[in-house]
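As a plain string of letters, each chain reads:
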Amino acid sequence: MKNKTNKIISVFILFSLFMAIFWHKLSAKYFFTNLLYFNLAKDVFYILFVSFLFRYILSKNEKRNLKILDRLKSINNEIKASNKRYNIVSKATSDAIWDWKIQEDNIIWNKGIETLFGYTEDQVGTSSSWWFDKIHPEDSIKMSIKLYSFLEQKSENWQDQYRFRCADQTYKYVLDRGYLIKDQEGRALRMIGAIQDITKQKEEEQNLKLLETVVTQTKDAVVITKSAPNSTTLPNIIYVNNSFSLMTGYHSKKVLYKPFNPFNTEIYDLNEFEKFKTAIKEKRECQIETLTCKKNKEEYWVRFSMIPVYNAEQELSHWISIQKDVTEERKQQKEKEQLIRELTQNNKDLKQFSYITSHNLRAPLSNLIGLLNLLEEIPIYNHELSEILYGFKKSTYQLNETINDLVNIIVIKDKVSIHMENVSINKTLEHLFNQLKFQIKNIEPEVEYELHSANSIYTNKAYLESIIMNLLTNSIKYKSEDRKLKISISTALVKNKIQLKYKDNGIGIDLKQHSDLVFGLYQRFHDHPDSKGLGLYLVKSQIESLGGSIAIESEVNKGTEFTLLF
């Protein structure tokens, strides 16, 4: 503008000098007689001419300035529109947009840096060092080298992936893209870019890699098919893993894009085939077990699932089938079933034998007991014969008790239906002590009851009497010779169940040595002549058949405590 003004002034000076010389020459030659009028006419002409000249120049400048002004307004509007679009995009996108003036090392961030990473406005720095400081240490050096190497190249577009630290000190995976602006000499002036959070994509990629590893490394065969075009056709295979090839003998190239049909033998289960077709038709998951055939015509049993896969529009897109060779498993299952049948039959035979034996023994035992009872009425004066008959009688009664106990165990194990009723504990104890009055006559034990919490139990009366009777006879049988026998029986409610505690101060059991054998069959822990090893086994069998449990605490020479839960 200054140069144009100087040009106009220079032209005006030269033109004025030219006109002055021109008029001087003209006046000297033609108008020297009337110089006053000539000078007036000259000045008027000069003023008018200069006015028109300036008007023309100013008009030209005004038109030129208006064009420049319109152009500046247009550029300004474009800049405003561009800034408006930039602000709208900044608000609309969830990305963190940055503008880096490289020479000044100044970075401007949009609101995305706050929403994406949780920083407040005063926490966001304006230099590249703040940016690089937030990059994960394992990614920082690599990313810095790549970025500064890019600034020296001719390329304008840059992108990289790295981990960026959030305000809460966690890291997010980000994709960073940038565009570089250079001057005419190729120096990097400005770089504008956007940071996108790709943490979910990264996690999905890792999950896909894990799933791919599972599919490729699993020993089960995996088959993926496209969805069938209609319900009457089988879906075509698009992928099989190596385990499928090993299981079937078919190479993947031989089965790809062919219908998936595991029912390829002459004999197969029609019900399983119908289940398979129905699942395909109704697009639902199913599990099938069928006889199928390998490439070498060898038959084997396979168990496979058909799992439907739906796309975002909830349309069936694929089927996934996981297959397992269960030939050996079925063979073992058949052997197991055969063994169970044999064991069941053996068990029945043993039970039958037990019933027959007990029945056949009861008759002669009853006769012996009857004869022994008759002998009691006959006076015997021979002392040795009397001792022999006493021993014979005692052995006969013990044998009878043993057979009765064995019959009870067989009945319990046979799970015969048990009649349940409300049984009074107090009356049961009175009845049992009346039965044992001759045994406890000389012992005179101290017995304590604490039955206020529960005086009755909904149970089987015979079983309850048998359980308490066995515990009482054990206390009498294994009492201490050094102190008077004490027995305490108490009840309590524990979680809506009745707990019965039975405690004595007998000789006790060494649980450190025999804890696993206490309730075993034919287990004896003391050298007592009447010990059969059946009592506690019978107690445990009866309480468990009633749905309850039993626990024991015992210490040698101090006593034993049983806790029964009904």
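Bear in mind that the values here come from a model prediction, so they are computed numbers and not experimental data.

## Here we look at the pattern of salt bridges
Part 1 of the argument: Across all of its chains, the model carries 20 salt bridges by this definition.
Part 2 of the argument: The shortest N-O distance in the salt bridge between Arg187 and Asp183 comes to 2.8 Å.
Part 3 of the argument: In this structure, the salt-bridge partner of Arg330 is Glu289, at a minimum N-O distance of 2.5 Å. Pair noted here: Arg330 is in helix H10 (residues 327–375) and Glu289 is in strand S8 (residues 286–293), with a separation of 41 residues, a long-range link.

## Concerning the sheet that holds strand S4 (residues 171–182)
Part 1 of the argument: Pairing is antiparallel across the open sheet formed by five strands, whose spatial order is S2-S1-S5-S4-S3. What marks the edges here is a single partner per strand, and that holds for strand S2 (106–109) and strand S3 (157–165). Taken over all neighbouring pairs, the strand axes of this sheet differ in orientation by 25 degrees on average, direction set aside.
Part 2 of the argument: Here helix H6 (residues 199–217) sits on the sheet in contact with S3, S4 and strand S5 (188–197), set at roughly 120 degrees to S4.

## What about the sheet that holds strand S12 (residues 446–450)?
Part 1 of the argument: What the five strands build is an open sheet, ordered S12-S14-S15-S17-S16; its pairing is mixed. Looking at which strands have only one partner, the edges of the open sheet turn out to be S12 and strand S16 (549–555). Going across the sheet, the axis of each strand differs from the next one's by a mean of 15 degrees, ignoring polarity.
Part 2 of the argument: Pairing between strand S14 (residues 486–494) and strand S15 (residues 497–504): eight bridges, direction antiparallel. In the strand pairing of S15, Thr491 is matched with Leu500.

## Some thoughts on helix H12 (residues 425–435)
Part 1 of the argument: Every buried residue belonging to H12 is among Ile425, Thr428, Leu429, Leu432 and Phe433, and all of these are buried. The buried residues of H12 occupy one face: seen down the axis, they fall within an arc of 130 degrees. Turned more than 90 degrees off the buried face of H12, the exposed positions are Lys427 and Asn434.
Part 2 of the argument: Its side-chain oxygen 3.3 Å from the backbone nitrogen of Lys427, Ser424 forms the N-cap of H12.

## Re the packing of helix H14 (residues 461–477) against helix H16 (residues 535–545)
Part 1 of the argument: At a minimum axis distance of 9 Å, the contact between H14 and H16 shows a crossing angle of 150 degrees. The orientation of H14 with respect to H16, classified from their angle, is roughly antiparallel. In the packing of H14 onto H16, the handedness of the crossing is left-handed. Together, Tyr463, Ser466, Ile467, Asn470, Leu471 and Asn474 of H14 and Gly535, Leu536, Leu538, Val539, Gln542, Ile543 and Ser545 of H16 make up the contact between the two elements.
Part 2 of the argument: Residue composition of the contact of H14 with H16, grouped by class: seven nonpolar, six polar and no charged.

## Some details on the side chain of Ser480
Part 1 of the argument: If you trace the backbone, Ser480 turns up in the loop between H14 and S14.
Part 2 of the argument: A polar side-chain atom of Ser480 sits 3.2 Å from the main-chain amide nitrogen of Asp482.
Part 3 of the argument: Those residues within four positions of Ser480 in sequence are excluded, and the remaining contacts are Asn505, Gly506 and Ile507.

## As for the packing of H12 against H14
Part 1 of the argument: At a closest axis distance of 10 Å, the pairing of H12 and H14 adopts a crossing angle of 50 degrees. By the criterion of interaxial angle, the relationship of H12 to H14 is oblique. Seen from above, H12 lies across H14 with right-handed handedness. Seen from H12, the contacting residues are Thr428, Leu429, His431, Leu432, Phe433 and Gln435; seen from H14, they are Leu464, Glu465, Ile468, Met469 and Leu472.
Part 2 of the argument: Residues belonging to the contact of H12 with H14 are distributed by class as follows: seven nonpolar, three polar and one charged.

## Overview of the layout of surface pockets
Part 1 of the argument: If you add up the space inside the second largest pocket, you get close to 280 Å³.
Part 2 of the argument: Around the second largest pocket, the lining comprises 17 residues; the ones closest to its centre are Phe244, Tyr250, Val255, Asn261 and Asn264.
Part 3 of the argument: When contributions to the lining of the second largest pocket are tallied by element, the ones reaching two or more residues are helix H7 (242–248), helix H8 (252–255), S8 and strand S9 (299–310).
Part 4 of the argument: When grouped by side-chain class, the residues that make up the lining of the second largest pocket number 10 nonpolar, five polar and two charged.

## A word on H16
Part 1 of the argument: Most of H16 sits inside the fold, with eight of its 11 residues counted as buried.
Part 2 of the argument: Every buried residue of H16 is accounted for by Gly535, Leu536, Tyr537, Leu538, Val539, Ser541, Gln542 and Ile543.
Part 3 of the argument: Of the residues flanking the end of H16, it is Gly547, one or two places downstream, whose phi is positive at about 85 degrees.

## Quick look at the nonpolar core
Part 1 of the argument: By size, the foremost hydrophobic cluster in this structure holds 37 residues, and its most contacted members are Leu472, Leu500, Tyr502, Phe562, Leu564 and Phe566.
Part 2 of the argument: Mapped onto this core, the elements with two or more residues apiece are H12, H14, S14, S15, H16, S16 and strand S17 (559–565).
Part 3 of the argument: The element best represented in this core is H14, accounting for eight residues.
Part 4 of the argument: If sequence neighbours within four positions are ignored, Phe566 has contacts with Ile457, Thr459, Leu464, Lys497, Ile498, Leu500, Ile543 and Leu546.
Part 5 of the argument: Membership of the second largest hydrophobic core comes to 28 residues, among which are Phe117, Phe164, Leu180 and Ala188.

## Points about the packing of aromatic side chains
Part 1 of the argument: For the coordinates displayed, the defined rule picks out 17 aromatic pairs.
Part 2 of the argument: A centroid spacing of 6.0 Å and a plane angle of 85 degrees characterise the contact between Trp100 and Trp131, whose relative ring orientation is edge-to-face. Taken together, the residues span a long stretch of sequence, with Trp100 in strand S1 (residues 96–101) and Trp131 in helix H4 (residues 128–133) at a distance of 31 residues. An identical accessibility class is assigned to Trp100 and Trp131; each is buried.
Part 3 of the argument: Following the ring pairs from residue to residue traces out a cluster consisting of Trp98, Trp100, Trp109, Phe117, Tyr119, Trp130, Trp131, Phe132, Tyr148 and Phe164.
Part 4 of the argument: Here the guanidinium or amino end of Lys294 rests over the ring plane of Tyr300, the centre of that ring lying 5.4 Å away.
Part 5 of the argument: The ring of Trp301 carries the charged tip of Arg330 above its face, separated from the ring centre by 3.6 Å.

Calculation criteria
- Per chain, residues are indexed from 1 in the order of the written sequence.
- Note on the predicted model: pLDDT of at least 70 is required for a residue's local features to be given, and 80 or more for side-chain atom pairs to be given and counted; whole-chain, interface and lining totals, by contrast, use all residues.
- Working from all heavy atoms in the structure, the side-chain values ignore hydrogens and water.
- Salt bridges are counted wherever a side-chain nitrogen of Lys or Arg sits within 4 Å of a carboxyl oxygen of Asp or Glu.
- Put simply, DSSP marks the helices as runs of H or I at least four residues long and the strands as runs of E at least two long, and each gets a number from the N terminus on.
- By definition, two strands form a pair when at least two bridges between them are found by DSSP.
- An axis is simply a line fitted to the C-alpha atoms; with a helix, the fit covers only the stretch in contact. Between two such axes, the angle follows the N-to-C directions and lies from 0 to 180 degrees.
- Contacts: residue pairs with any heavy atoms within 4.5 Å of one another.
- Categorising residues by exposure relies on relative accessible area from a 1.4 Å probe, with only protein chains included: less than 20% of the type maximum marks a residue as buried, more than 50% marks it as exposed, and the intermediate range marks it as partly exposed.
- Within this analysis, the arc is defined by the directions that extend from the helix axis to the C-beta atoms.
- Two N or O atoms form a polar contact when they lie within 3.5 Å of each other; inside protein one atom must be a possible hydrogen donor and the other a possible acceptor, and for residues adjacent in sequence the pair counts only when both atoms belong to side chains.
- What sets the label is the angle itself: under 35 degrees gives roughly parallel, over 145 gives roughly antiparallel, 65 to 115 gives roughly perpendicular, and the rest give oblique.
- Throughout, a crossing is termed right-handed when the near helix is turned clockwise from the far one, and left-handed when it is turned anticlockwise from it by less than a right angle.
- Residues are sorted three ways: Asp, Glu, Lys and Arg are charged, Ala, Val, Leu, Ile, Met, Phe, Trp, Tyr, Cys and Pro are nonpolar, and all the rest, Gly among them, are polar.
- Grid points spaced at 1 Å and placed over the protein atoms alone form the basis of the search, with a cavity being a set where a 1.4 Å probe fits but cannot get out and a pocket an open set showing protein on both sides within 12 Å along at least five of seven lines. Lining residues have an atom within 4 Å of a point.
- Grid points are joined across faces, edges and corners, and a volume is the space filled by probe spheres set on the points.
- Remark: nonpolar core denotes a set of buried residues (Ala, Val, Leu, Ile, Met, Phe, Trp, Tyr, Cys) joined through side-chain atoms within 4.5 Å.
- Stacked, edge-to-face and tilted labels apply to pairs of Phe, Tyr and Trp rings (six-membered ring for Trp) whose centres lie within 6.5 Å, assigned for plane angles under 30 degrees, over 60, and everything in between, in that order.
- Charge-over-ring contacts are defined here by two conditions on Lys NZ or Arg CZ: a distance within 6 Å of the ring centre and an angle within 35 degrees of the ring normal.

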